[in-house]
Amino acid sequence: MKKHISALFAVILAVNALAADIPASVLALHSSDENTEYDITESKVMPKLNKTITREGKMLFQAPDDLRIDFTEPAGDYTLITKDIFEVKKNGKVQHFNIKNPTHKMSIYRATLLCCLAGKVEEAARLNDATAEYKEAGGKYVCTIKADKAIGREIEELLLEYDRKTGKLLLMKITEGNGNYTEYKVSK
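Figured I'd write up the structure that's included with this text. (Residues numbered from 1 in each chain as written. Predicted model: local features only at pLDDT ≥ 70, side-chain atom pairs only at ≥ 80, totals over all residues. Heavy atoms only, no water.)

### What about the overall build of the chain?
Secondary structure summary: the chain contains 3 helices and 11 strands in total. When its helices and strands are written in sequence order, the chain yields α-β-β-β-β-β-β-α-α-β-β-β-β-β. A total of 188 residues make up the chain; the buried ones form 40% of that total. Of the contacts formed within the chain by residues at least 6 apart in sequence, a portion of 37% connects residues at least 24 apart. Split by element, the accessible area of the chain, about 10,900 Å² in all, is 54% carbon and sulfur. (Helix = DSSP H or I, 4+ residues; strand = E, 2+ residues; numbered from the N terminus. Buried < 20%, exposed > 50% of the residue type's maximum accessible area, 1.4 Å probe, protein only. Contact = heavy atoms within 4.5 Å. Areas by Shrake-Rupley, 256 points an atom, 1.4 Å probe, with all protein chains shown as cover.)

### What about the sheet that holds strand S8 (residues 140–147)?
One open sheet holds the 11 strands; their spatial order is S6-S5-S4-S3-S2-S1-S11-S10-S9-S8-S7, and the pairing between them is antiparallel. Each end of this open sheet is capped by a strand with a single partner; those strands are strand S6 (93–96) and strand S7 (130–137). Direction aside, neighbouring strands of the sheet carry axes that sit 20° apart on average. Sheet topology places strand S4 (residues 75–81) next to strand S5 (residues 86–90); 4 bridges connect them, and they run antiparallel. Within S5, the residue paired with Tyr78 across the bridge is Lys89. (Pairing = 2+ DSSP bridges. Axes fitted to C-alpha atoms, helices over the stretch in contact; angles between N-to-C directions.)

### Remarks on the pairing of strand S10 (residues 169–176)
The buried fraction of S10 amounts to 6 of the 8 residues, a majority that puts the element mostly inside the structure. Pairing of strand S9 (residues 155–163) with S10, which is carried by 7 bridges, proceeds in the antiparallel orientation. Pairing of Glu161 across the sheet is with Leu171, part of S10. Between S9 and S10, which pair antiparallel one after the other, the connecting turn spans 5 residues, and Gly167 there sits at a positive phi close to 85°. Both S10 and strand S11 (residues 181–186) contribute to a ladder of 5 bridges, which runs antiparallel. Residue pairing for S11: Thr175 is matched across the bridge by Tyr181. Counting the residues in the hairpin turn of S10 and S11 gives 4 residues, including Gly179, whose phi is positive at 100°.

### Focus on the packing of aromatic side chains
Overall, the coordinates contain 2 aromatic pairs when judged by the stated rule. Centroid distance Phe86 to Phe97: 5.0 Å. Interplanar angle 55°. Geometry classified as tilted. In this pair, Phe86 sits in strand S5 while Phe97 sits in the loop between S6 and helix H2 (105–117), placing the two residues 11 residues apart along the sequence. Residue classification places Phe86 among the buried residues on the basis of a relative accessible area of 3%. One aromatic cluster in this structure is built from Phe86, Phe97 and Tyr109. Sitting above the plane of the Phe71 ring, Arg55 keeps its charged end 3.8 Å from the centroid. Its end group placed over the ring of Tyr78, Arg68 keeps NZ or CZ at 4.6 Å from the ring centre. (Phe/Tyr/Trp six-rings, centres within 6.5 Å; stacked < 30°, edge-to-face > 60°. Lys NZ or Arg CZ within 6 Å of the ring centre and 35° of its normal.)

Quick look at the structure:
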């Protein structure tokens, strides 16, 4: 019986050690000046309204501060993030978000997106007063970040899937405190 308990304890320690190495492994697959381009599908799901809005486009990320998503469907929509700008054009209307105050929810949202693309999972968790869980499955690192508390449109949970060999972000699902969620899936 003692052998079984010892073996079980050893397995638990090994699993925990592997999980602890995942954020470092993800981060090691990224560089501070990386430049990546993805074809993506963005799906905004509003369960209470039984509504889904899907857009397709190209995402360009230049670490550490530049992100641009140009949507081809619908054409003309975009998201632009730089060191000083967070701007979204949707349905012909442009919105500018306040990012000067680092505690403002859109500033945190912006920083979270950039951290996730750069493989900085632990930093994304800290930004959102959240805890992170890690596992390896199907050739991917799966990172789940859950906020201790989220209200309304704040981020309640982030699900991130990175390719284990390349570090490429394959899926990012952002769930808000109100139950709405947005998924970004990489096409290629």
